[in-house]
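Architecture at a glance
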Amino acid sequence: MSDLIAIAYKDLATAKEVTSNISDAQKAHLIDLDDLVIIERKDDGKVKLHQPSLAGAGALGGAAWGGLIGLIFLVPFFGMAIGAASGAAAGALSDAGIDDKFMKELGDKLQPGGAAVIGLVRSINEERVLAEIKVPGELIQSSLSEEAEAPIRDALARAGAA
């Protein structure tokens, strides 16, 4: 089961930077996500959802498996191509995501010009990921217990103090 974590940032550019960092952590197998969304509240008060593609991670995994299968049958590049395509397609088609209505409601609570990153986190190497948080933010919603939220809040506060 995945945990929902939503962190607010001062602007869209900061949220995009964090999303890029999360993508890097996913590639390094430090975090496993079911969904990742950026919510932007524009200056006019309208809420816009940005859904970065997780298909790249699926393509990478598919290419690895396809390459291995291709090696077995002596056609590694063909196997990698087929594996990457099927992995990307699976990533694009799997929408086990966060409810759009919930995200819009959460976006209405953001300050105009602000943004939030919402993730459905399946698993995480908490010690390594929390140590790497460099961008300050505010935990605004989660499905975690208060005890489990405390290290996240501390890491976000330390990033703001640096």
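Here is a short report on the structure shown in this document. (Residues numbered from 1 in each chain as written. Predicted model: local features only at pLDDT ≥ 70, side-chain atom pairs only at ≥ 80, totals over all residues. Heavy atoms only, no water.)

Quick look at the nonpolar core now. I7, Y9, V117 and I152 are the most contacted members of the largest nonpolar core, which has 23 residues in total. Breaking this core down by element, the ones donating at least two residues are β1 (3-9), α1 (12-27), β2 (31-41), β4 (115-124), α5 (126-131) and α6 (146-161). In terms of residue count, α1 provides more of this core than any other element does, five residues in total. (Core = buried A, V, L, I, M, F, W, Y, C linked by side-chain atoms within 4.5 Å. Buried < 20%, exposed > 50% of the residue type's maximum accessible area, 1.4 Å probe, protein only. Helix = DSSP H or I, 4+ residues; strand = E, 2+ residues; numbered from the N terminus.)

Our next topic: the pattern of salt bridges. Enumeration over the complete set of coordinates arrives at three salt bridges. The residue D32 makes a salt bridge to R122 at a minimum N-O spacing of 2.7 Å. Here D32 is found in strand β2, whereas its partner R122 is found in strand β4, with 90 residues between them in sequence. By relative accessible area, which is 26% here, D32 ends up partly exposed. Under the relative-accessibility criterion, R122 is labelled partly exposed at 43%. With a shortest N-O distance of 3.0 Å, E149 and R153 are connected by a salt bridge. In this pair, E149 and R153 are both assigned in helix α6, four residues apart and thus about one turn of the helix distant. On the accessibility criterion, R153 (40% relative accessible area) is partly exposed. Taken together, the salt bridges that share partners define one network made up of D32, D34 and R122. (Salt bridge = Lys/Arg side-chain N within 4 Å of Asp/Glu carboxyl O.)

Our next topic: the side chain of R41. You can see R41 is positioned in strand β2. In terms of polar contacts, R41 uses its side chain to reach the backbone carbonyl oxygen of D108, at 3.0 Å. Those residues in contact with R41 that sit more than four places away from it in its chain are K46, G107, D108, L110, Q111, P112, G113 and G114. (Polar contact = N/O pair within 3.5 Å; in protein donor to acceptor, adjacent residues only side chain to side chain. Contact = heavy atoms within 4.5 Å.)

Looking now at unusual backbone geometry. With a phi close to 60°, H29 is a non-glycine residue in the positive phi region. Structurally, the position occupied by H29 is in the loop between α1 and β2.

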